[in-house]
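One letter stands for each residue in the lines below.
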Amino acid sequence: MSGVDTTPGGSIPGFELKDRFRALLERWDSSPRQGLPQVQSGRAAYTWRGFGEAFPSLHVASEPELRAAWKVRDIVSRVGVRLPAPPGSVVRGFTLSPDGLTVAALLSTPRTELAGLWILAEDTAPVRIPGISAWCSAPVWEPNGAALWILSGKPPQQRITSADLRTGGRTEIPLPGTLESEGSGSRLSLSLREGMLRITAATPGRDSRSWQWRDETWVDAPAPVPSRLTLAESCRGTTVLLDGTPVHRLSPAEHVTSFAVHAASGNDVLWMHSASPERPSGVYCLELPPAEVPLPLHPQRFVHRRLFAKGRDGVDIPLTVSVRAADLAADGLPLRPLPLILTCYGGFGVKHRTEAEPSVPAWLESGGVYVAAHLRGGGELGDAWHDAGRGPRKLRTVLDLVDVAEFLAAAGWTTPAQTVAFGASHGGLVVTSAALLSPASFGGVVAVAPLLDTVNLDRHGLGTQWLHEFGADGECSQQERALYSPLQVAAGLQSPAGTPPILCCVLGRDERVDNHAAVDFVDAVRRHGGSAWLLSEHDGGHGQRAATDVMEFSATVLAFAARVSGMLVRSGQPAPPA
């Protein structure tokens, strides 16, 4: 990576503030990270990461024991036993066996997302099933517990393998004919429904399709049963409804990531995994029907609100704004414009949320504002919202971010010079493109593992999976995609004098996005006289990363944002909380 600065010190602004933000991050990361349990035959398996641990590990417990320990609003604890696993393993997916005694887990090293298949059990050495690797798709137990189905390989070259655990035999199951003929583009997953294997192909912007394996052939699967869990959102938060009945309430910055309903002791039990900045990963256990619907816990120090910014075409763009309560006046607006981190994703129909990470409260505690913008191209308002920022309309997503930044400045939340746009992956594309097309709207940009070349998608590890999103399957020409592709826009810069400082953060073992595009981008900005830096995390990947690496990385990023936005902070350790 010659020609760019890849060191976290020296020329990168704010490096002298990193230790202070590192201390804040460690304080806010002290709560455990729980995973939604899987329950079979009175046993439960779940992931847990405690303070100071690099990655979550797998645990097993009796279901009644876990249910008693994780009742809603209780302080949760680690129960049961940790399953033996190879040192340094990263859990990419797991499934509990029908008898509840064994876990089939996809485990990888931190350096790759392609995982091996392991069999884990209490008081038993882990067993590797040789010759099988999979990409972030949980294995499926056959109903008799004697064999596993695995979606093996890396997209788009994936196959279904049946592995007999008694004989060691392998059987390859062909994909449904339509998937074979279509090739790449769909996200595949396996599940078990009514004792039969089911494969689902999901392509953003299109209806999902499912087939089930019956009598040695694939047949169209029945329509999925509507989810029992629905969410009713308002400016005050989210109400969780089960079969139409309210059972729980979440705060405005809290969201449900997964749930499961199980029968236990004659009653239904709802296990619900949610995430918020103050509690990045929490699991609630509610026995149904609940005696009451508990109100969300609102931290007194921070306020989360939902607002709308008006797009240039008159469309309302939803925002979630987080701020320290002490910084608000009686009218609900800040006492003065504040340094502001503006985050987004805006692609693939993905719902962008306020980050469930300690970086949010660390930034708020330092006197900043944190905003999650739900741009067109995302999935916050359904398929139509996604399609409004997909393919030939991708530029609209970029302009939405510009409109949001201008709204926040006009409303008194911040100023353009104090606004730092932050985006990861597809969000990195949006923030860098917005800053190049409207440099006066931003005081700085942070792009993490950014997708910076949308003209040559085949240069990226998963680029063939993204053709539909960018209209490269026939909807858009390369010239149309070049209008917002950051690498092409940067190469054509004429007057870079007003370009805001840009920090590009790349993960050395990224298997999805081409890091060399970031090198070329930073070189292009510098060549035209702009200010840009490259921060490289040597062992990081696009997926899960070690907690210690994330802490170091986030501290550097927050320090950069603080410096370029003019945040008044002191270097060194922060004062203890009041």
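Residues numbered from 1 in each chain as written. Predicted model: local features only at pLDDT ≥ 70, side-chain atom pairs only at ≥ 80, totals over all residues. Heavy atoms only, no water.

Remarks on the overall build of the protein chain
- Secondary structure assignment for the protein chain yields 11 helices and 31 strands.
- The proportion of buried residues among the 578 residues of the protein chain is 56%. (Helix = DSSP H or I, 4+ residues; strand = E, 2+ residues; numbered from the N terminus. Buried < 20%, exposed > 50% of the residue type's maximum accessible area, 1.4 Å probe, protein only.)

What to know about the confidence of the model for the protein chain
- This prediction gives the protein chain a mean pLDDT of 86; 90% of its residues lie at or above 70.
- Scored below 50 in pLDDT, residues 1–10 shows 28 contacts in the model against residues more than four places distant or in partner chains. (pLDDT = per-residue confidence, 0-100. Contact = heavy atoms within 4.5 Å.)

Let's talk about the pattern of salt bridges
- Following the criterion strictly, the structure yields 31 salt bridges and no others.
- Notably, a salt bridge pairs Asp29 with Arg33, separated by 2.8 Å at the nearest N-O pair. Accessibility assignment for this pair places Asp29 and Arg33 in one class, buried.
- A salt bridge links Glu63 to Arg67; the shortest N-O distance between them is 2.8 Å. Of this pair, Glu63 and Arg67 both sit in helix 2 (residues 63–69), four residues apart, which is roughly one turn of the helix.
- In this structure, a network of salt bridges that share partners links the residues Lys18, Arg22, Glu26 and Glu552. (Salt bridge = Lys/Arg side-chain N within 4 Å of Asp/Glu carboxyl O.)

What about the packing of aromatic side chains?
- Considering all chains together, one arrives at nine aromatic pairs under this definition.
- Pairing Trp28 with Phe302 gives two aromatic rings, centres 5.7 Å apart and planes at 45°, and the pair type is tilted. Of this pair, Trp28 sits in helix 1 (residues 18–28) while Phe302 sits in strand 24 (residues 302–310), placing them 274 residues apart in sequence. The burial state of Trp28 is the same as that of Phe302; both residues are buried. (Phe/Tyr/Trp six-rings, centres within 6.5 Å; stacked < 30°, edge-to-face > 60°.)

Focus on the sheet that holds strand 18 (residues 229–234)
- Taken in spatial order, the three strands line up as 18-19-20 in an open sheet, and their pairing is antiparallel. The outermost strands of the open sheet, each flanked by one partner alone, are strand 18 and strand 20 (245–250). Within this sheet the neighbouring strands show an average axis-to-axis angle of 30°, counted without direction. (Pairing = 2+ DSSP bridges. Axes fitted to C-alpha atoms, helices over the stretch in contact; angles between N-to-C directions.)

Concerning the sheet that holds strand 14 (residues 187–193)
- Strand order in the open sheet formed by four strands is 14-15-16-17, and the pairing between neighbours is antiparallel. This sheet does not close on itself; its edge strands, each paired only once, are strand 14 and strand 17 (217–220). With strand direction ignored, the average angle separating the axes of adjacent strands in the sheet is 30°.

What about the pairing of strand 27 (residues 369–373)?
- Along strand 27, five of the five residues are buried, which leaves the element largely enclosed by surrounding structure.
- The alternating pattern of strand 27 places Val369, Val371 and Ala373 and Tyr370 and Ala372 on opposite faces, both of which are buried.
- Where strand 25 (residues 316–324) meets strand 27, four bridges bridge the pair, whose relative direction is antiparallel. Its bridge partner being in strand 27, Leu319 is matched across the sheet by Ala373.
- Pairing analysis gives four bridges linking strand 26 (residues 340–344) to strand 27, with the strands arranged parallel. For Leu342, the partnering residue across the bridge sits in strand 27 and is Val371.
- Following the backbone out of strand 26, through helix 4 (residues 359–365) and into the adjacent parallel strand 27, one traces a crossover that is right-handed. (Right-handed = clockwise from strand over helix to strand, strands pointing away.)

Concerning unusual backbone geometry
- Its identity as a non-glycine residue notwithstanding, Ser41 has a phi of 50°, on the positive side.
- Here Ser41 shows up in the loop between strand 2 (38–40) and strand 3 (43–49).
- Non-glycine residue Ala449 carries a positive phi angle of around 45°.
- Mapped onto the elements of the fold, Ala449 is located in the loop between strand 29 (444–448) and helix 8 (478–482).

Some words on helix 6 (residues 394–410)
- With 17 residues, helix 6 should reach 24 Å at 1.5 Å per residue; the first-to-last C-alpha distance of 25 Å fits that figure.
- Residues Lys394, Thr397, Val398, Asp400, Leu401, Val402, Asp403, Val404, Ala405 and Leu408 constitute the buried set of helix 6.
- Residues of helix 6 that are buried in the fold lie against strand 24, strand 25, strand 26, strand 27, strand 28 (419–424) and helix 7 (426–437).
- After helix 6 finishes, the residue Gly412 shows a positive phi value of roughly 95°. (Expected span 1.5 Å × (residues − 1).)

What about the side chain of Thr419?
- Relative to the helices and strands, Thr419 resides in strand 28.
- Not counting residues up to four positions away in its chain, the partners in contact with Thr419 are Leu340, Leu342, Thr414, Ser441, Phe442, Gly443 and Gly444.

Digging into the pairing of strand 29
- Of all five residues in strand 29, five are buried; the element is thus mostly enclosed.
- Covered by surrounding structure in strand 29 are Gly444, Val446 and Val448 together with Val445 and Ala447, the residues of both alternating faces.
- In terms of handedness, the path from strand 28 via helix 7 over to strand 29 forms a crossover that is right-handed.
- Judged from the four bridges that link them, strand 29 and strand 30 (residues 502–507) form a sheet pairing that is parallel. Its bridge partner lying in strand 30, Ala447 is registered against Cys504.

Comments concerning the environment of Thr109
- Note on placement: Thr109 falls in the loop between strand 7 (102–108) and strand 8 (114–121).
- A sequence separation of 21 residues divides Thr109 from Gly88, and the C-alpha atoms of the two residues are 6.6 Å apart.
- If we ignore the near neighbours within four places in the chain, the residues touching Thr109 are Val90 and Arg92.

Considering the nonpolar core
- If you look at the biggest cluster of nonpolar residues, it comprises 58 residues, and the most contacted ones within it are Leu342, Leu401, Val404, Phe442 and Phe521.
- Per-element accounting of this core gives the leading share, seven residues, to helix 10 (residues 515–527).
- Counting residues in each nonpolar core, the second largest holds 34 residues, with Val360, Val420, Met551 and Ala559 among its members. (Core = buried A, V, L, I, M, F, W, Y, C linked by side-chain atoms within 4.5 Å.)

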